[in-house]
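Breakdown of the fold
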Amino acid sequence: MSVLSPERSQDNWARFAGLMYFFTVFDVSGVLIIARVSGNGSFLATAHTVAGSETLYRIGLVLGLIGALSTILLAVGLYVTLRPFDRNLAMTALLFRLGESVIGGVVIVLGFVTLQIYLEAGRDGAAGASRLSELGGLVSGASVVGTNVSVVFFGVGSTLFFYLLVRSAYIPRLLAMWGLIGSIICFIAFLATFVIPQSRELLTGIGGLPVGLAEPVVGAWLLIRGIGGTRRAGRLRPLAG
């Protein structure tokens, strides 16, 4: 039975991480589906709309869950890929991305709670709309805050991973720098939403765009090219332990 060399195994993990970059897009797809179903009407109107598209709403939540799970697998793939270069920084990045996924999982739970509130409001009609509207507003607000906190954790983890990619030269430095700068912008923008919440939509739109464009490009590079072709003798300094 053949055993993969450490270099070949590391290259396979890099390609796996590249694949997972595309699966994390499910998270964004889920958010878009839920936003499309919910619309911008009154609470009662939204409740009736969601009740009429319950299955689609649930699909959006499940896609978000797949995205959160894929983030864990992505983080593990990047950790194994970059661990020989700097174990401590790679582990720190892994922990922040895991924190992102955990918080994202809580947001998914709140999403299912919001769905139940909408369904109950759709059944009760105007009679219980006021009470349920207040409850739904609280849960939705918690979901928004949770999402923003999750992205802050993402910003830190992604910054560290891209920093290691810049140092390791596993991918073109320009591409790695794009991801690094985009991650920093994302972190600053989403952190700023807690200070100036009235500009939340503008900040989140601008903050997420650069790294959102960089990730699929990096994913495609890792998936197709791996890191085998860029590894040079003496570049890595494996750490003990």
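Since we're looking at a predicted model, the values are computed, not measured.

So, how was this worked out
- Residues numbered from 1 in each chain as written.
- Predicted model: local features only at pLDDT ≥ 70, side-chain atom pairs only at ≥ 80, totals over all residues.
- Heavy atoms only, no water.
- Helix = DSSP H or I, 4+ residues; strand = E, 2+ residues; numbered from the N terminus.
- Buried < 20%, exposed > 50% of the residue type's maximum accessible area, 1.4 Å probe, protein only.
- Contact = heavy atoms within 4.5 Å.
- Areas by Shrake-Rupley, 256 points an atom, 1.4 Å probe, with all protein chains shown as cover.
- Axes fitted to C-alpha atoms, helices over the stretch in contact; angles between N-to-C directions.
- Parallel < 35°, antiparallel > 145°, perpendicular 65-115°, else oblique.
- Left-handed = near helix turned anticlockwise from the far one by under 90°.
- Nonpolar A, V, L, I, M, F, W, Y, C, P; charged D, E, K, R; others polar.
- Salt bridge = Lys/Arg side-chain N within 4 Å of Asp/Glu carboxyl O.
- Expected span 1.5 Å × (residues − 1).
- Polar contact = N/O pair within 3.5 Å; in protein donor to acceptor, adjacent residues only side chain to side chain.

Regarding its fold elements, the protein presents 8 helices and 0 strands. Traced from its N-terminal end to its C-terminal end, the protein shows the element sequence α-α-α-α-α-α-α-α. Per-residue burial for the protein yields a buried fraction of 43% across its 241 residues. When contacts within the protein are restricted to residue pairs at least 6 apart in sequence, long-range pairs at least 24 apart make up 80% of them. Of the accessible surface of the protein, which amounts to about 12,100 Å², a share of 69% is contributed by carbon and sulfur atoms.

What follows deals with the packing of helix α6 (residues 129-168) against helix α8 (residues 200-225). It is at 12 Å that the axes of α6 and α8 come closest, and there the two elements cross at 40°. Accordingly, the angle class assigned to the pair α6 and α8 is oblique. Of the two elements, α6 crosses α8, and the hand of that crossing is left-handed. Seen from α6, the contacting residues are V144, N148, F154, S158 and F162; seen from α8, they are R200, T204, V211, E215 and V218. Counted by class, the contact of α6 with α8 contains 5 nonpolar, 3 polar and 2 charged residues.

What follows concerns the pattern of salt bridges. All told, the structure shown has 5 salt bridges when counted by the stated rule. Measuring nitrogen to oxygen at the nearest pair gives 3.0 Å for the salt bridge that ties R15 to D11. In this pair, R15 and D11 both sit in helix α1 (residues 6-23), 4 residues apart, roughly one turn of the helix. Residue classification places R15 among the partly exposed residues on the basis of a relative accessible area of 28%. Residue R58 is joined to E54 by a salt bridge in which the shortest nitrogen-to-oxygen separation is 3.0 Å. In this pair, R58 and E54 both sit in helix α4 (residues 54-82), 4 residues apart, roughly one turn of the helix.

A few words now on the packing of α4 against α6. Contact pair α4 / α6: the axes reach a minimum separation of 11 Å and the direction vectors enclose 30°. Classified by the interaxial angle, the pair formed by α4 and α6 is roughly parallel. Where α4 crosses over α6, the two elements pack in a sense that is left-handed. In this structure, α4 contributes A75, L78, Y79 and L82 to the contact, and α6 contributes F161, L164, L165 and S168. Split into classes, the residues belonging to the contact of α4 with α6 amount to 7 nonpolar, 1 polar and no charged.

Looking at the element boundaries, G67 is found in helix α4. Through-space distance from the C-alpha of G67 to that of S101 is 8.6 Å; in sequence the pair is 34 residues apart. In this structure G67 touches F23, T24, F26 and D27, once residues within four positions along its chain are discounted.

Every α-helical turn comprises 3.6 residues, leaving residues that sit three or four positions apart pointing alike. Between the first and last C-alpha of α6 there are 56 Å, a value that for 40 residues agrees with the 58 Å anticipated at 1.5 Å per step. One or two steps after α6, the chain reaches A169, where phi turns positive at roughly 60°.

Glancing now at the side chain of S38. Turning to its location among the elements, S38 is positioned in helix α2 (residues 25-38). A distance of 2.8 Å separates the side chain of S38 from the backbone oxygen of I34, its partner in a polar contact. Ignoring any residue separated from it by four or fewer positions in sequence, one finds S38 in contact with T46, V50 and Y57.

Right, let's talk about helix α7 (residues 173-192) for a bit. Taking 1.5 Å per residue, 20 residues should reach 28 Å; α7 reaches 28 Å between its end C-alpha atoms and fits that length. Restricting attention to buried positions, one finds in α7 the residues L175, A176, G179, L180, G182, S183, C186, A189, F190 and A192. Looking at the buried side of α7, the elements it contacts are α6 and α8.

Before going further, it helps to examine the environment of T92. Mapping T92 onto the fold places it in helix α5 (residues 87-124). Judged by its relative accessible area of 31%, T92 falls in the partly exposed class. As a C-alpha pair, T92 and L160 span 68 residues in sequence and 7.9 Å in three-dimensional space.

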